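The primary structure of each chain is shown beneath.
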Amino acid sequence: SQLVGSLEQEANIYGYNAPVLRNGTSHDEEGNPNAWLMMARYAVAAALPGAPMVYMGQPLGVGNKVDFQYSWQNLTDYWSRSNPQVFEMYRRINTAREQNPALRSTNRFFLTRQRGGGFNEAIFSVARWQDDNILLVFVNLRDQQVDPEIFAVPSNIPVDINLGARYQVRNLVADDPSAALWPNPRTANDIFTNGVHVHFSSPNEVQYLRLERVR
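Quick caveat: nothing in here was measured; it's all calculated off a predicted structure.

If you tally the helices and strands in the protein chain, you get five helices and nine strands. Starting at the N terminus and ending at the C terminus, the protein chain contains elements arranged as α-β-α-β-α-α-β-β-β-β-β-α-β-β. Its C-alpha radius of gyration of 18 Å places the protein chain within 12% of the 17 Å reference for a compact globule of 215 residues. In terms of overall dimensions, the protein chain has C-alpha extents of about 65 × 40 × 30 Å along its principal axes. Counting only contacts in the protein chain whose residues sit at least 6 apart along the sequence, the fraction spanning at least 24 positions is 69%. In the structure as shown, the protein chain presents an accessible area of about 11500 Å², 50% of it carried by carbon and sulfur atoms. Side-chain charges in the protein chain split into 19 positive and 21 negative, and the spacing between the mean points of these groups amounts to 6 Å.

Below is the structure:
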């Protein structure tokens, strides 16, 4: 709720079309050595209008300010203990943003819980769309496991409500981005009525779910 409040205030000040450069932190700040947590912050920035930014050393988990202004610095040690899985996740996020105009559009709707309303404070949740390109983004903001949640999907998302239309979701940043996540395709009415169930299997997990019409 704090993050959404800040983003809404920002939009009121600069306008919803402002090309804002977003970053989870910067090289001038201390105390960000958790590469997976920083990746999750980047996933949030990449799912918003504007442009996401990665500061030098962020995927390496460089948590201290690198004094490059007054002396030469050697990052060999950071590279030697870097996590290639973190680099791969940045690649998947950037590929999803490049290939899906929804993530670069100004259309957004922050998703609340299906039961009881309100935001799940542990999960960043937003719907993004451009024409028929629709993504539901969920990011585990915690460096620990979180409970599953069902999120309400707003009716203003442009899905086909005809009885013959069915939809499936695929996680664009998963190991297999082509894998269908629902046992069976769902109608728009079912999605609006029952919401979308989200389950994370790891801390700081990212899900960029593309809603695709299958028939």
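We are not done yet, so read on.
Look at helix α2 (residues 35-46) against helix α4 (residues 84-99): their axes get within 10 Å of each other, and the N-to-C directions meet at 5°. The orientation of α2 relative to α4 falls into the category roughly parallel. Contacts from Ala35, Trp36, Met38, Met39, Tyr42, Ala43, Ala45 and Ala46 in α2 reach Gln85, Val86, Met89, Tyr90, Ile93, Asn94 and Arg97 in α4. Residue classes in the contact of α2 with α4 are distributed as 12 nonpolar, two polar and one charged.

Reading the values: rules and limits
Residues numbered from 1 in each chain as written. Predicted model: local features only at pLDDT ≥ 70, side-chain atom pairs only at ≥ 80, totals over all residues. Heavy atoms only, no water. Helix = DSSP H or I, 4+ residues; strand = E, 2+ residues; numbered from the N terminus. Rg over C-alpha atoms; globule rule 2.2 N^0.38 Å. Contact = heavy atoms within 4.5 Å. Areas by Shrake-Rupley, 256 points an atom, 1.4 Å probe, with all protein chains shown as cover. Lys, Arg positive; Asp, Glu negative; His and termini not counted. Charge placed at Lys NZ, Arg CZ, Asp CG, Glu CD. Axes fitted to C-alpha atoms, helices over the stretch in contact; angles between N-to-C directions. Parallel < 35°, antiparallel > 145°, perpendicular 65-115°, else oblique. Nonpolar A, V, L, I, M, F, W, Y, C, P; charged D, E, K, R; others polar.

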